[in-house]
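Okay, here's what each chain looks like letter by letter:
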Protein chains: 2
Amino acid sequence: METPDDFDLRDFLPYALNQAAEAASLAFQKQYRVRYGMLRTEWRVLFHLGRYGPMTATQICARASLHKTKISRAVHALEQKRYLTRMAQETDRRVEELCLTRQGGIVYRELYEAARSYDASLSAQFTPQEREILGRCLHKIARL
Amino acid sequence: METPDDFDLRDFLPYALNQAAEAASLAFQKQYRVRYGMLRTEWRVLFHLGRYGPMTATQICARASLHKTKISRAVHALEQKRYLTRMAQETDRRVEELCLTRQGGIVYRELYEAARSYDASLSAQFTPQEREILGRCLHKIARL
DNA sequence: GGATATTAGTTGGTTTTGTAACTAACAACA
DNA sequence: TGTTGTTAGTTACAAAACCAACTAATATCC
């Protein structure tokens, strides 16, 4: 039996997801990359702290499903840029609570707005129903 | 005016796309990574040659929207593994037509089947309508 | 209390990617 | 022809990601 030739690479879900993710990330990257010299992981950490409040590296790990070495380096970089500070915990001296500085907060809010409007412009490509289904499908795949 | 707090990171399309793409890729990666020691780019090049027939590196570039250095390295690696051969063109000696070997073809067909069945298992998570919309949205975003 | 295991976070070394400069072959046109 | 420009593909170097080993603090349990 021969291989049927009806399966195009573009229809392969992991491939299609990657192409779309790359295109979307690349476009948004410009916002934080050239304006603030941030890397994607740094932006994510910044976002987490800005959006959900101070937390520890491990908590970001869990929320963002990023590896702890990535977090560690991103935190270091953000610290250098004076976007966050570490606060030693007295209850457990291994842990440091991470907290945006005033400046970090300002950058966060700017990027937050940029993210919102970028998301809106992407979402505008679709009907509300499509957008809703897209979001739901992506969540589901991410959780698999 | 305060920043409205209704925009979750998980709803940010580039983020959701990345999370989903990573989850989907990671799972399928095992197929080619551990079984054949291939990288993602290598698998893509292999797929292109197997699915669409012999072609040059530049043609793969265009089809796969991969950078030529990635292709170059992937081709080299696949050559080392004896999965493809290069055929110098007489009309233009800069160009080499890339062609799967018999072994390369066998690996391709195995991975092709693995991809099909993986895709099917992912797609089974959704209704046909959802799957259709998902695919269409992803294509659209990738082309932006 | 003290040995052992766990957890938080960092560091070092290797892989992989990204970017830009490069070589070689061809094309265009004076 | 010969100068200039373009295209195919490679290579070299820098940036980033990945993985495994590490330190330091805490928890467990005898």
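Note that the coordinates shown come from a computational prediction; the quantities given were computed from them, not determined experimentally.

Trainee: Can you help me understand the overall build of chain A in this one?
Mentor: Within chain A, the secondary structure is distributed over 6 helices and 3 strands. Here chain A has a C-alpha radius of gyration of 19 Å; the compact-globule value for 144 residues is 15 Å, and the former is much larger. When the backbone C-alpha atoms are referred to their principal axes, chain A occupies close to 65 × 35 × 25 Å. Across the 144 residues in chain A, those meeting the buried criterion constitute 47%. Looking at chain A alone, contacts between residues at least 24 apart form 52% of all its contacts between residues at least 6 apart. Taken as two groups, the 23 positive and 17 negative side-chain charges of chain A have centres that lie 9 Å from each other.

Trainee: Quick question: what am I supposed to make of the environment of Ile106 of chain A here?
Mentor: Residues and elements named next belong to chain A. By the element assignment, Ile106 lies in helix H5 (residues 102-123). For Ile106, a relative accessible area of 33% corresponds to the partly exposed category. Note: C-alpha distance between Ile106 and Tyr83 (23 residues apart in sequence) is 9.0 Å.

Trainee: What is the right way to read the relation of the copies chain B and chain A from this model?
Mentor: By a simple turn and slide, chain B fits onto chain A: the slide is 0.1 Å along the axis, the RMSD is 0.1 Å, and the turn is 180°. Taken together, the turn and the small shift mark the pair as related by a two-fold rotation axis. When each C-alpha of chain B is compared by its distance to the rotation axis, Leu134 of chain B comes out closest, at 2.8 Å. With an isologous cut-off of 70% or more, the 100% of interface residues of chain B that recur at the interface of chain A puts this contact in the isologous class.

Trainee: What should I look at first to understand the protein's contact with DNA strand D in this one?
Mentor: Taken together, the neighbourhood of DNA strand D is formed by 19 residues, with Thr58, Lys68, Ser72, Arg86 and Arg94 of chain B sitting nearest. Each atom of DNA strand D within 4 Å of the protein was assigned to sugar, phosphate or base; sugar and phosphate come to 67%. Between Arg94 of chain A and DNA strand D, the recorded distance is 3.4 Å, taken from a side-chain N or O atom to a base nitrogen. The element best represented in the surface near DNA strand D is helix H4 (residues 68-80) of chain B, accounting for 4 residues. Taken together, the residues that form the surface near DNA strand D break down as 3 nonpolar, 5 polar and 11 charged.

Trainee: Even after reading the chapter, I still don't get the side chain of Asp8 of chain B, so can you show me in this structure?
Mentor: Examined against the element boundaries, Asp8 of chain B turns out to sit in the segment before helix H1 (13-36). A distance of 2.8 Å separates a polar atom in the side chain of Asp8 of chain B from a polar atom in the side chain of Tyr52 of chain A. Polar contacts involving the side chain of Asp8 of chain B include one to the main-chain amide nitrogen of Arg10 of chain B, which spans 2.9 Å. Those residues in contact with Asp8 of chain B that sit more than four places away from it in its chain are Arg51 and Tyr52 of chain A.

Trainee: I keep staring at the interface of chain B and chain A and nothing clicks. Help me out?
Mentor: It is common to give the size of an interface as the accessible area lost on bringing the parts into contact. If you look at the interface, chain B gives 57 residues, while chain A gives 57 residues. Taken over both partners, the interface formed by chain B and chain A buries close to 5,800 Å², and the fraction arising from carbon and sulfur atoms is 61%. Connecting chain B to chain A are 2 salt bridges. The interface formed by chain B and chain A includes 25 residue pairs in polar contact (both at pLDDT 80 or more). For the side of chain B that touches chain A, the secondary structure elements donating two or more residues are H1, helix H2 (40-52), helix H3 (57-64), helix H5 (102-123) and helix H6 (128-143) of chain B. Element by element, the count of residues in the side of chain B that touches chain A is highest for H1 of chain B, at 13 residues.

Trainee: Please clarify how the environment of Tyr108 of chain A should be interpreted in this entry.
Mentor: Residues and elements named next belong to chain A. Position of Tyr108 relative to the elements: it lies in helix H5. We classify Tyr108 as buried; its relative accessible area is 5%. Taking the C-alpha atoms as reference points, Tyr108 and Arg63, 45 residues apart in sequence, are found 18 Å from one another. Once residues lying within four places of it in the same chain are set aside, the contact partners of Tyr108 are Leu46, Phe47, Gly50, Arg51 and Leu100.

Trainee: Would you take a moment to explain the sheet that holds strand S2 (residues 84-88) of chain B for this structure?
Mentor: Strands pair in a sheet through their backbones, by hydrogen bonds, and they do so in one of two ways: parallel or antiparallel. Residues and elements named next belong to chain B. Read from one edge of the open sheet, 3 strands run S1-S3-S2, paired in antiparallel fashion. What marks the edges here is a single partner per strand, and that holds for strand S1 (55-56) and S2. In this structure, S1 lies alongside strand S3 (residues 96-100), joined through 2 bridges in antiparallel fashion. Pairing of Thr56 across the sheet is with Glu97, part of S3. Sitting on the sheet, H2 touches S1, S2 and S3, and the angle it makes with S3 is about 85°.

Conventions adopted
Residues numbered from 1 in each chain as written. Chains lettered and ligands numbered in written order. Predicted model: local features only at pLDDT ≥ 70, side-chain atom pairs only at ≥ 80, totals over all residues. Heavy atoms only, no water. Helix = DSSP H or I, 4+ residues; strand = E, 2+ residues; numbered from the N terminus. Rg over C-alpha atoms; globule rule 2.2 N^0.38 Å. Buried < 20%, exposed > 50% of the residue type's maximum accessible area, 1.4 Å probe, protein only. Contact = heavy atoms within 4.5 Å. Lys, Arg positive; Asp, Glu negative; His and termini not counted. Charge placed at Lys NZ, Arg CZ, Asp CG, Glu CD. Least-squares fit on C-alpha atoms with pLDDT ≥ 70 in both. Near = heavy atom within 4 Å. Polar contact = N/O pair within 3.5 Å; in protein donor to acceptor, adjacent residues only side chain to side chain. Nonpolar A, V, L, I, M, F, W, Y, C, P; charged D, E, K, R; others polar. Buried area = accessible area lost by both parts, 1.4 Å probe. Salt bridge = Lys/Arg side-chain N within 4 Å of Asp/Glu carboxyl O. Pairing = 2+ DSSP bridges. Axes fitted to C-alpha atoms, helices over the stretch in contact; angles between N-to-C directions.

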